[in-house]
Amino acid sequence: MGYYMPSKNIDITEKSVKIPQHIAIIMDGNGRWAQKRGLPRSAGHKAGADAVERVVRACVELEIPVLTVFAFSTENWKRPATEVSLLMQLLLEYLQRKVKIMAEQNIKIRFLGERENLPEKIKTAIGRTEDYTKENTGLVFNIALNYGGQQEILHGVKEMAQAVVAGECSVEEITKERFAACLYTEGVPEVDLMIRTSGEQRISNFLLWQMAYAELYFTETYWPDFDKDALLRAIDAYGNRERRLGGLQ
Ligand code: FPP
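Here goes a summary of the coordinates provided. Throughout, a residue's number is its position along its own chain's written sequence, starting from 1. This being a predicted model, a pLDDT of at least 70 is required before a residue's local features are given, and a value of 80 or more before pairs of side-chain atoms are given or counted; all residues contribute to the totals for chains, interfaces and linings. In computing side-chain values, all of the structure's heavy atoms are included and hydrogens and water are not.

### Side note on the site of the ligand
- Note on terminology: near, applied to a residue and a molecule or strand, indicates that one of the residue's heavy atoms is within 4 Å of it. Taken together, 16 residues sit near the ligand, with Met-27, Gly-31, Arg-32, Arg-41 and Arg-79 positioned nearest.
- Here an oxygen atom of the ligand and a backbone polar atom of Gly-31 are 3.1 Å apart.
- Throughout this description, a polar contact denotes any pair of N or O atoms lying within 3.5 Å of each other; where both atoms belong to protein, one of them has to be capable of donating a hydrogen while the other can accept it, and for residues adjacent in sequence the pair is counted only when both atoms sit in side chains. With respect to the ligand, the side chain of Arg-41 contributes an N or O atom lying 2.8 Å from an oxygen atom.
- Surface accessibility follows the Shrake-Rupley procedure with a 1.4 Å probe radius. Residue values consider only the protein chains on display as shielding. Burial of the ligand by the surrounding chains reaches 92%, relative to a free accessible area of 630 Å².

### Considerations on helix α2 (residues 41–61)
- With 21 residues, α2 extends 31 Å from end C-alpha to end C-alpha; this agrees with the ideal 30 Å at 1.5 Å per step.
- Relative accessibility under 20% of the residue-type maximum defines a buried residue, over 50% an exposed one, and the middle range a partly exposed one, all with a 1.4 Å probe and only protein chains included. Put simply, DSSP marks the helices as runs of H or I at least four residues long and the strands as runs of E at least two long, and each gets a number from the N terminus on. Taken residue by residue, α2 has Gly-44, His-45, Ala-47, Gly-48, Ala-49, Ala-51, Val-52, Val-55, Val-56, Ala-58 and Cys-59 as its buried positions.
- Note on contacts: a residue pair is in contact if any heavy atoms of the two residues lie within 4.5 Å. Where α2 is buried, its residues contact β3 (22–26), α1 (30–36), β4 (66–73), α3 (81–104), β6 (140–147) and α7 (228–239). An expected span of 1.5 Å times one less than the residue number is assigned to each helix.

### With respect to a nonpolar patch on the surface
- Residues form patches when they are more than 30% accessible in relative terms and have no salt bridge. Like charges link within 9 Å. Nonpolar side chains (Val, Leu, Ile, Met, Phe, Trp, Tyr) link within 5 Å. Here, a salt bridge means any side-chain nitrogen of Lys or Arg that lies within 4 Å of a carboxyl oxygen of Asp or Glu. Side chains of Ile-203, Leu-208 and Leu-216 sit close together on the surface and give an oily, nonpolar patch of about 190 Å² of accessible area.
- Considering the arrangement of structural elements, one finds Leu-216 in strand β8 (residues 215–218).
- With a relative accessible area of 30%, Leu-216 lands in the partly exposed category.

### Overview of unusual backbone geometry
- Backbone geometry places Asn-106, a non-glycine residue, at a positive phi of 65°.
- As for its position among the elements, Asn-106 is in the loop between α3 and β5 (108–112).
- On the accessibility criterion, Asn-106 (28% relative accessible area) is partly exposed.
- Despite not being glycine, Ser-204 has its phi angle at roughly 50°, a positive value.
- Along the chain, the position of Ser-204 falls in the loop between β7 (193–196) and β8.
- Owing to a relative accessible area of 33%, Ser-204 belongs among the partly exposed residues under this scheme.

Shown next as C-alpha cells:
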C-alpha cells in the first residue's frame, strides 16, 4: 500500500497518510455552482468536466490504483432531454480531447453500466476508448454511465443464475468472489473511500456491493470547485479513520 506526505500548505496532519486503493466519487452540485454565478446549468456541467480532468491528474500523481466517477445514473434520464444530451455531448468531447493524453499517462479507462440503450455515438466511443487503453497498467479510471447499483446487482444475479443453469457452477459454489466477478467492476478492489460533493449525504444507488466497507466522506464543496487540495483533504480524513472492517482493534 502506498503512502504520501501531505503537503504543508493544507491543514492536514504531519504523519504520512494511507492511500486508498479505490476512490469513488459522486460529483454533485454542478447545477448549484452555476446558479450561484447566474450561469446556465450547462456551464456547471462544463466546469464539472474540467474538475474531472484535474482529479484524474491528481490520482495519477498520488498513484491511486482505482478511481470511479458517477457520470450518469439510470435515474438521470428523468432530466430534461436537453440536459441529457448536453451531458452525453460533454462526455463525448471529453473522450475525444483526453483519451490520447490519458493513454499516454498509462490510464486504463473502463465504463460501468448498461450500454444497451445509450446513443450509438456514445456506444462506439466507449468501445473504442476501452479498447485503446486496455493494455495500460496505471490508474484504472472507471466512468459509471447509465449506471445503477441495484441494476448492477441484478445483472450479476442473472449472470450467476445462467452459469448455474448451464451447469458451470453449483449453487453451493456461489461465493462472494465468484459473484463479484459478475459485476461491472470485475477485477478491481472494493471501494475504500467514497466522496460526495455539494453537501448531500446519500449513496444514490452508487456501487452498492463495492461500498460495503467504504469510508464515506461528504464535503460542502460543489463539484466544479473540487481540486487536488480537496482530494488531499478527503484522503487525509480517510487516513485518520480507524477501519476495523467488522473486527476489533
Ligand atoms: C451532478 O450535478 C452531476 C451530474 C449529474 C453529472 C456529472 C457530469 C459531469 C461532471 C460532466 C461530464 C462527465 C465526465 C466524466 C467528463 P447536478 O446537476 O445534479 O447539480 P445540482 O444538484 O446542483 O443541480
